[in-house]
Amino acid sequence: MTRFIFITGGVVSSLGKGLASASLGALLQGRGFKVRLRKLDPYLNVDPGTMSPSQHGEVYVTEDGAETDLDLGHYERFTGVTTRRSDNVTTGRIYSTVIAAERRGDYLGATVQVIPHVTDKIKEFIQAEPEDADFMICEIGGTVGDIESLPFLEAIRQLGNELGPKRVMFIHLTLVPYISSAGEMKTKPTQHSVKELLSVGIQADLLLCRCDRPVPPPERRKIALFCNVREERVIPAIDVDTIYQVPINCHPEGLDREVCRHFGLDSATEPDVANWRRIIDIIRAPEGAVAIAVVGKYTRLLDSYKSLAEALGHGGIANRVRVELQWIDSEVFEKEDAVDYLEDVHGILVPGGFGERGAQGKIEAARFARERKVPYFGICFGMQMAVIEAARNLAGLPGAGSTEFGPCQDPVVGLLTEWTRGNEVERRGPGSDLGGTMRLGAYPCRLAPGSKIHGIYGKLELSERHRHRYEVNINYLPILEKAGLVFSGMSPEGHLPEIVELPGHPWFIGVQFHPELKSRPFDPHPLFISFIEAAVHQARLV
Ligand code: GLN
């Protein structure tokens, strides 16, 4: 039997609902339960695939090729449960399904309305493919009180009523601010937010109170009294310096215990948080530090590269060093000398990206890394830029470029027009829709025996997640290989270059996929372990 836990947020956004959901998932797993986590987003985009990372943060790609909210990354990293397309839905997708059904005539002449048709679709989504999950944790995006989240709240209210409290629990994450002029913590925003939720028919069963210091017992009692929640279910969620502290903090406060009590599962075993502690010990007492420059375009909003930052951190944990990230907007290299920014770093990473703006700066970063023998990690766009750099400066093709930026003399990176997914051939043209049409999700790749990448993975076949529309043009492989690059990973049928490396350089690897999406704190990705290890060597040299 699957039980549903709905997590809503109040007062302000960015309180960490995603991390709270992921932490609860991990704690329930620690008690021996199977969990799935889902996110319901109230915006009108069908998925976040077409949204700018500077506005919405990273687009997290699932194994089955869905472009989803970055919170799904937290879910995977904290619980190890592989997310799927069915784990993220938006108002846009719900409405487009309802409208398509209406056009087909599925509603048999009925007037199609938010209640029941839209709310029915939402409930269908929430309950789809639960498989053997004991708990389905559903995070509702947005903040209670927003107009756009109303249909979601109505749907979960209905579900609470239909399935009853033995199968449904409502958790509300709120803010308990400390007002320094009064020298007090204030409970009023929480009271208002809980009331707002009650006005749509939902009584919170448990409150997670985000705060910057412990909530004193009188305030806790006050929240319990005014919000109609038992005192032991008013759970403080204190600010932390590392996200891996969240499960460790939530457990002694009784989060997982109270959830189990709500469902009458008191006898469940206690979770062991020792493995989280081990990670934190390394983070707090590293044996050294390395500086990594991340040269990208969306450097102003750190959420744009969420999984990347996490994966680099995992590489640091594996090597017992602190990874200091220097976010550099690649456009600066178009006006200023890269040396001024990159001279002292121990590794350079050019991440995924889109469009011509800033591309030249990324090419400069790749050139600097190649010439100065600084470890270089190119991911997706970062691989493509490294190949263009080598084509221009090693292979004697000054007119080399990517057709992503328009026609060029030597299109060493070109539009991916045909590829196979399983037994199916996927085809695209320049006029295809932008949303959901890239080469997305997990694809296999074969490695060249004896290559550096083979040594890193320790196997000859791998599967990684993709999200790109362009690829290295296979026609240029002979000339690029003659110039010194080695394409050490190819798609199984041999058409798509997946990995490039530069022998004779301490660490120069470009990958067409996104390894950061699969790195986990308890299972750091081999490429990130190896890259940070190379940076540690580099740090000893400089
Ligand atoms: N813009 C490039 C492409 O579509 C790279 C995409 C990426 O880095 N994710 O191929």
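Here, the structure is the one placed above.
Because the structure is predicted, anything quoted here is derived from the model rather than measured.

### Here's the deal with the sheet that holds strand E17 (residues 410-415)
The sheet built from three strands is open, its strands ordered E16-E17-E22 with mixed pairing. The two strands at the open ends of the sheet, each matched to only one other strand, are strand E16 (400-402) and strand E22 (470-472). Ignoring which end each strand starts from, the neighbouring axes of this sheet average 30° apart. The pairing of E17 with E22 spans three bridges and is classified as antiparallel. Within the sheet, the bridge partner assigned to leucine 415 lies in E22 and is tyrosine 470. Strands in contact with helix H15 (residues 381-393) are E16, E17 and E22; relative to E16, the strand with the most contacts, it is inclined by about 160°.

### Let's talk about the sheet that holds strand E11 (residues 234-238)
As summarised here, the arrangement of the seven strands in space is E5-E2-E6-E1-E7-E10-E11, forming an open sheet in which the pairing is parallel. Here the strands that pair on one side only, and so sit at the sheet edges, are strand E5 (88-90) and E11. Each adjacent strand pair in this sheet contributes to an overall mean axis angle of 20°, direction not counted. Pairing geometry for strand E1 (residues 3-9) and strand E6 (residues 135-140), over five bridges, is parallel. Among the inter-strand pairings, arginine 3 is bridged to a residue of E6, identified as phenylalanine 135. Helix H6 (residues 150-163) contacts E1, strand E2 (35-41), E5, E6 and strand E7 (168-175) of the sheet and is inclined by roughly 140° relative to E7.

### Structural notes on the site of the ligand
Around the ligand, the structure places Gly352, Gly353, Phe354, Cys380, Phe381, Gln384, Glu404, Arg467, His468, Arg469, Tyr470 and His514. Within the side chain of glutamate 404, one N or O atom sits 2.8 Å away from a nitrogen atom of the ligand. In the model, an oxygen atom of the ligand is placed 2.9 Å from a nitrogen or oxygen of the arginine 469 main chain. Summarising the interface, the protein chains cover 99% of the accessible area of the ligand, which totals 300 Å² for the free molecule.

### Thoughts on the nonpolar core
In this structure, Ile5, Leu24, Leu28, Phe135, Ile171, Leu208 and Val259 are the most contacted members of the largest nonpolar core, which totals 44 residues. Of all the elements, helix H1 (residues 17-30) adds the most residues to this core, at seven residues. Beyond its immediate sequence surroundings of up to four residues, valine 259 is in contact with Ile5, Leu24, Leu28, Phe135, Met169, Ile171 and Leu206. By size, the runner-up hydrophobic cluster in this structure holds 42 residues, among which are Ala293, Val374, Ala391 and Phe508.

### Brief notes about unusual backbone geometry
Cis peptide bonds are those with omega within 30 degrees of zero, and the linkage from isoleucine 115 to proline 116 qualifies with 10°. In this structure, proline 116 sits in helix H5 (residues 114-127). A positive phi angle, near 75°, is found at valine 11, a position not held by glycine. As for its placement among the helices and strands, valine 11 is situated in the loop between E1 and H1.

### Quick look at the layout of surface pockets
Considering only enclosed or pocket space, the largest pocket measures out at about 810 Å³ in volume. If you trace the largest pocket, you find 31 residues lining it, with Ser13, Ser14, Lys39, Asp71 and Asp303 closest to the centre. At the level of elements, H1, E2, helix H2 (53-56) and helix H3 (71-79) are the ones that each hand at least two residues to the lining of the largest pocket. Among the elements that make up the lining of the largest pocket, the one with the highest residue count is H1 (three residues). Its residues assigned to classes, the lining of the largest pocket shows nine nonpolar, twelve polar and ten charged.

### Some details on the environment of glutamate 418
Within the secondary structure, glutamate 418 sits in strand E18 (residues 418-421). Ignoring any residue separated from it by four or fewer positions in sequence, one finds glutamate 418 in contact with Val425, Glu426 and Arg427.

### Considering helix H4 (residues 91-104)
The terminal C-alpha atoms of H4, which comprises 14 residues, lie 20 Å apart, in line with the 20 Å expected from a rise of 1.5 Å per residue. Of the residues flanking the end of H4, it is glycine 105, one or two places downstream, whose phi is positive at about 90°.

### Overview of the packing of H1 against helix H10 (residues 255-262)
Where H1 contacts H10, the axes come no closer than 9 Å and their chain directions differ by 70°. By the angle between their directions, the pair H1 and H10 is classed as roughly perpendicular. Contacts from Leu24, Leu27 and Leu28 of H1 reach H10 at Leu255, Asp256, Val259 and Cys260. A breakdown of the residues in the contact of H1 with H10 according to their chemical character gives six nonpolar, no polar and one charged.

### Focus on the packing of aromatic side chains
Applying the stated criterion across every chain yields a total of 16 aromatic pairs. Centre to centre, the rings of phenylalanine 6 and phenylalanine 170 are 5.8 Å apart; their planes meet at 25°, and the pair counts as stacked. Of this pair, phenylalanine 6 sits in strand E1 while phenylalanine 170 sits in strand E7, and the two are 164 residues apart along the sequence. Geometrically, the ring pair formed by phenylalanine 381 and phenylalanine 405 is edge-to-face, given 6.1 Å between the ring centres and 75° between the ring planes. In this pair, phenylalanine 381 is assigned in helix H15 and phenylalanine 405 in the loop between E16 and E17, connecting sequence segments 24 residues apart. Relative accessible area serves as the criterion here: at 1%, phenylalanine 381 is assigned to the buried category. Through pairs of rings, three or more aromatic residues link up here, namely Phe78, Tyr244, Trp276 and Phe522. Stacked on the ring of phenylalanine 135, the Lys or Arg arginine 3 has its end atom at 5.6 Å from the ring centre. Directly above the aromatic system of phenylalanine 125 lies the positively charged group of arginine 38, at a separation of 5.4 Å from the ring centroid.

### A look at the pattern of salt bridges
Applying the stated criterion across every chain, the model contains 40 salt bridges. The shortest N-O distance in the salt bridge between arginine 31 and glutamate 270 comes to 3.3 Å. Here arginine 31, found in the loop between H1 and E2, pairs with glutamate 270, found in the loop between H10 and helix H11 (274-284); they are 239 residues apart in sequence, far enough to count as distant. A salt bridge links arginine 210 to aspartate 239, with the shortest nitrogen-to-oxygen separation between them at 2.8 Å. Placement of arginine 210 in strand E10 (residues 206-211) and of aspartate 239 in the loop between E11 and helix H9 (245-253) is noted, with a sequence separation of 29 residues between them. On the basis of relative accessibility, which here comes to 39%, the residue aspartate 239 falls in the partly exposed class.

What counts, and at which threshold
Residues numbered from 1 in each chain as written. Predicted model: local features only at pLDDT ≥ 70, side-chain atom pairs only at ≥ 80, totals over all residues. Heavy atoms only, no water. Pairing = 2+ DSSP bridges. Helix = DSSP H or I, 4+ residues; strand = E, 2+ residues; numbered from the N terminus. Axes fitted to C-alpha atoms, helices over the stretch in contact; angles between N-to-C directions. Contact = heavy atoms within 4.5 Å. Near = heavy atom within 4 Å. Polar contact = N/O pair within 3.5 Å; in protein donor to acceptor, adjacent residues only side chain to side chain. Areas by Shrake-Rupley, 256 points an atom, 1.4 Å probe, with all protein chains shown as cover. Core = buried A, V, L, I, M, F, W, Y, C linked by side-chain atoms within 4.5 Å. Buried < 20%, exposed > 50% of the residue type's maximum accessible area, 1.4 Å probe, protein only. 1 Å grid on protein atoms, 1.4 Å probe; cavity = no way out; pocket = protein on both sides within 12 Å on 5 of 7 lines; lining within 4 Å. Points joined across faces, edges and corners; volume = space filled by probe spheres on them. Nonpolar A, V, L, I, M, F, W, Y, C, P; charged D, E, K, R; others polar. Expected span 1.5 Å × (residues − 1). Parallel < 35°, antiparallel > 145°, perpendicular 65-115°, else oblique. Phe/Tyr/Trp six-rings, centres within 6.5 Å; stacked < 30°, edge-to-face > 60°. Lys NZ or Arg CZ within 6 Å of the ring centre and 35° of its normal. Salt bridge = Lys/Arg side-chain N within 4 Å of Asp/Glu carboxyl O.

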